[in-house]
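# Analysis of the macromolecular model
These are the residues of each chain, in order.
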Amino acid sequence: MMISPESHYEEYLKGKTKEEIMTAIRGLKQEIGRLKNSMESLGYGDNPITIPYESTCIYWIHEYFEKINKFTIRYERGI
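The notes below deal with the structure included here. Here the residue numbers are simple positions, counted from 1 along each chain's written sequence. In keeping with the model being predicted, local features are shown solely for residues with a pLDDT of at least 70 and side-chain atom pairs are shown and tallied solely at 80 or more, while totals for entire chains, interfaces and linings include all residues. For side-chain calculations, the full set of non-hydrogen atoms in the structure is used, while hydrogens and water are omitted.

### Digging into the overall build of the protein chain
Only DSSP runs of H or I reaching four residues or more are called helices, and only runs of E reaching two or more are called strands; each is numbered from the N terminus. The helix and strand inventory of the protein chain stands at 3 helices and 0 strands. Order of helices (α) and strands (β) in the protein chain, N terminus to C terminus: α-α-α. For the protein chain, the C-alpha radius of gyration of 15 Å lies well beyond 12 Å, the compact-globule estimate for 79 residues. By principal-axis analysis of the C-alpha atoms, the protein chain measures approximately 50 × 20 × 15 Å. Burial status follows relative accessibility: with a 1.4 Å probe on protein chains alone, a residue under 20% of its type maximum counts as buried, one over 50% as exposed, and anything between as partly exposed. Put simply, the protein chain has 79 residues, and 20% of those count as buried. Here, two residues are considered to be in contact whenever any of their heavy atoms come within 4.5 Å of each other. Of the contacts formed within the protein chain by residues at least 6 apart in sequence, a portion of 65% connects residues at least 24 apart. When the accessible area of the protein chain is evaluated, it comes to approximately 6200 Å², of which 54% is carbon and sulfur surface. Only C-alpha atoms enter the radius of gyration; for comparison, a globular chain is expected to reach 2.2 Å times N to the power 0.38, where N is the number of residues. Areas reported as accessible are Shrake-Rupley estimates using a 1.4 Å probe. Residue values count occlusion only from the protein chains shown.

Have a look at this one:
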């Protein structure tokens, strides 16, 4: 189950140090890579359907990156 970008921020990023946020970003990148590899593998689609779909997960991870980007821009500007 995917969570909203706001919930992801609250749960995984709020109050974290820069290093902890970078670790979270690396984890999201690894997850995108894993999902991409799964979708590109031979026989993709032959297995039972997983919910949420890999493409849905990738979409929401991109939304998480958008939230992270907005947060870091505001942080850097001191807003």
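### What to know about the pattern of salt bridges
What counts as a salt bridge is simple: a side-chain nitrogen of Lys or Arg found within 4 Å of a carboxyl oxygen of Asp or Glu. Tallied over the entire structure, the rule returns 3 salt bridges. Where Arg 34 meets Glu 31, a salt bridge forms, and the shortest distance between an N and an O atom there is 2.7 Å. Of this pair, Arg 34 and Glu 31 both sit in helix α2 (residues 18–40), separated by 3 residues, roughly a single helical turn. Given a relative accessible area of 27%, Glu 31 falls into the partly exposed group. Put simply, Lys 36 and Glu 40 hold a salt bridge, and the shortest N to O gap is 3.3 Å. Pair noted here: Lys 36 and Glu 40 are both in helix α2, with a separation of 4 residues, about one helical turn. In this structure Lys 36 comes out as partly exposed when scored by relative accessible area, which is 41%. Glu 40 gets classed as exposed once you look at its relative accessible area, which sits at 53%.

### Section: helix α1 (residues 5–13)
Buried within α1 are the following residues: Pro 5, His 8, Tyr 9 and Leu 13. Along the axis of α1, the buried positions cluster into a sector of 100 degrees, meaning they face one direction only. Note on α1: the residue one or two positions beyond its end, Gly 15, has a positive phi of about 80 degrees. Directions pointing from the helix axis toward each C-beta atom define the arc.

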